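# Topology and contacts: notes
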Amino acid sequence: MPLPPHPPRPTRRSLLRALGGTAALGALAGCGVPAAYVSAADRAVPDRSATDNRLSWANWPLYIDTDDDDTTKRPTLEAFEKKTGISVDYVEEINDNDEFFGKISPALMNHQSTDRDLIVMSDWMCARFVRLGWVQQMDRAHQPNVTEYLDPLLRSPAFDPGREHTVPWQSGITGIAYDRRRLGREIRHVSELWGSDLKGRVTLLSGLDEAFALLMQGNGVDIGKWTADDFHTVCDQVEKYVRSGQIRRFTGNDYTKDLVSGDVLACQAYSGDVIQLRADNPDIRFVVPEEGAELWSDSLMIPDRASHKANAERLIDHYYDPEVAAELAAWVNYVCPVPAARDVLASAKDEETAALAENTLIFPDDEMRRRLVIARDITSTERVEFSKRWNAIVGL
């Protein structure tokens, strides 16, 4: 069967955008203001899961498998409903991390229900929720598949040691995409973006959280332990390349159009996007630089005062069954957080489906895995200063 359509990554906008006072809330959390932080004792309400077989789930658009003939049907989700008798109200309402944060933060800040039992956010935003005490600790007794099959690389990010409050939905890599035929050479290092043959034909991602880690890695920095000095060094370098005309512009997801048209020959890119671009143009390559690349996740969380917590935990665990994870991975084409799904895909009778098991942008091999790192997140006290400087460079 043909490869399924890849969900486009929604553009992630500036963290200083005035949406629901998100920057202000981040600052409040950093100062320990009690109005923002919710203590562990105030996060839960009586769980209705045993008597109310339903839950509500907020996710991003085009981020789950659909039936080839009827896009309103979601096979893996319907399988869960049939198996458990739990009805899932699945809503594709998250288009931007900050925007959704602003949408539900008033309820969470005021110790009220969001009317959602499960949400999916990028890990840098998950870090904010965890710091604010706005999500509940999960009960692994309800999640044996998560316990057994979660990728070791993703098990203990700095913002959530042991993944007690978050579980990856899908992961990806921020690396470098380039057009090998038009450029006429390979790219193996971040520093090669600054070659004279790429002047005016390089783009970087505009979002601070998306861009900074790879650039630091190009300087040999361990992004799990980066410092403010490392950040400002990157900013100094980017400013220089903006002034010299090396960098054409800063982009959201629209970098893909520039790369396809040939206006840009190399760019910061997401691994999942390049899988689909290569289906039309095999000359487009994706590289994890020798210095390394950032491994990121969009993760599932159960917000405070969710009234169907156990049902949500069961749904999360459903997606960590390797058979289910394989079905989802074949559709979304991101880095699968369940390595055991690789063997399931490899045994598929359909040749194109089986070939996905060998795609290192879905199942990174050992050599690539050694170069993948989860970045330390930007703390709330750092964010105002860093965003101000980065946004001035980018022009946000």
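Here, every reference points to the structure presented above.
Cut-offs applied
Residues numbered from 1 in each chain as written. Predicted model: local features only at pLDDT ≥ 70, side-chain atom pairs only at ≥ 80, totals over all residues. Heavy atoms only, no water. Buried < 20%, exposed > 50% of the residue type's maximum accessible area, 1.4 Å probe, protein only. Helix = DSSP H or I, 4+ residues; strand = E, 2+ residues; numbered from the N terminus. Pairing = 2+ DSSP bridges. Contact = heavy atoms within 4.5 Å. Axes fitted to C-alpha atoms, helices over the stretch in contact; angles between N-to-C directions. Parallel < 35°, antiparallel > 145°, perpendicular 65-115°, else oblique. Left-handed = near helix turned anticlockwise from the far one by under 90°. Phe/Tyr/Trp six-rings, centres within 6.5 Å; stacked < 30°, edge-to-face > 60°. Lys NZ or Arg CZ within 6 Å of the ring centre and 35° of its normal. Salt bridge = Lys/Arg side-chain N within 4 Å of Asp/Glu carboxyl O. Polar contact = N/O pair within 3.5 Å; in protein donor to acceptor, adjacent residues only side chain to side chain.

On to the pairing of strand β4 (residues 167–179). As a general feature of sheets, a regular strand has side chains that alternate between the two faces. β4 sits mainly inside the fold: 13 of its 13 residues count as buried. Bridge count for β4 against strand β7 (residues 266–270) is five bridges, and the pairing is antiparallel. The residue of β7 that forms the bridge with Ala177 is Cys267.

By secondary structure assignment, the location of Asn53 is in the loop between α1 (22–31) and β1 (54–59). By relative accessible area, Asn53 is classed as partly exposed at 43%. For the pair formed by Asn53 and Ile247, sequence separation is 194 residues and the distance between their alpha carbons is 53 Å. Those residues in contact with Asn53 that lie beyond four places of it in its chain are Gly85, Ile86, Ser87 and Asn311.

Turning our eyes to something else, we now look at the packing of helix α3 (residues 97–109) against helix α4 (residues 123–132). Two packed helices can be described by the angle between their axes and the distance between those axes. Between α3 and α4, whose axes approach to 11 Å, the crossing angle comes to 15°. Taken together, the axis directions place α3 and α4 in an arrangement best described as roughly parallel. As for the relative orientation of α3 and α4, their crossing is right-handed in sense. The residues of α4 that touch α3, namely those facing Asn97, Asp98, Phe101, Ile104 and Leu108, are Trp124, Met125, Arg128, Phe129 and Leu132.

For the rest of this paragraph, the subject is the packing of aromatic side chains. All told, the structure shown has 17 aromatic pairs when counted by the stated rule. Taking 5.6 Å as the distance between ring centres and 25° as the angle between the ring planes, the aromatic pair formed by Phe101 and Trp134 counts as stacked. With Phe101 in helix α3 and Trp134 in the loop between α4 and α5 (144–149), this pair connects stretches of sequence that are 33 residues apart. With a relative accessible area of 0%, Phe101 lands in the buried category. Cluster of aromatic residues (ring-pair linked, three or more members): Trp57, Tyr63, Tyr90, Trp169, Tyr255, Tyr270, Trp296, Tyr319 and Tyr334. Stacked on the ring of Phe101, the Lys or Arg Arg128 has its end atom at 4.7 Å from the ring centre.

On to the pattern of salt bridges, then. Within this structure, the stated rule accounts for 23 salt bridges. A salt bridge links Arg163 to Asp123, with the nearest nitrogen and oxygen atoms 2.9 Å apart. You can see Arg163 sitting in the loop between α5 and β4 and its partner Asp123 sitting in helix α4, a full 40 residues away along the chain. Each of the two residues, Arg163 as well as Asp123, counts as buried. In this structure, the salt-bridge partner of Glu367 is Arg371, at a minimum N-O distance of 2.5 Å. Here the residues in one salt-bridge network are Arg180, Glu186, Arg188 and Arg285, joined through shared partners.

What follows concerns the side chain of Ser307. Locating Ser307 in the fold gives a position in the loop between β9 (293–301) and α11 (309–318). Among the residues examined, Ser307 registers a relative accessible area of 19% and is labelled buried. Reaching out from Ser307, the side chain makes a polar contact with the side chain of His308 at a distance of 3.1 Å. Apart from residues no more than four positions distant in its own chain, Ser307 is found in contact with Val45, Pro46, Asp47, Arg48, Ser49 and Asp117.

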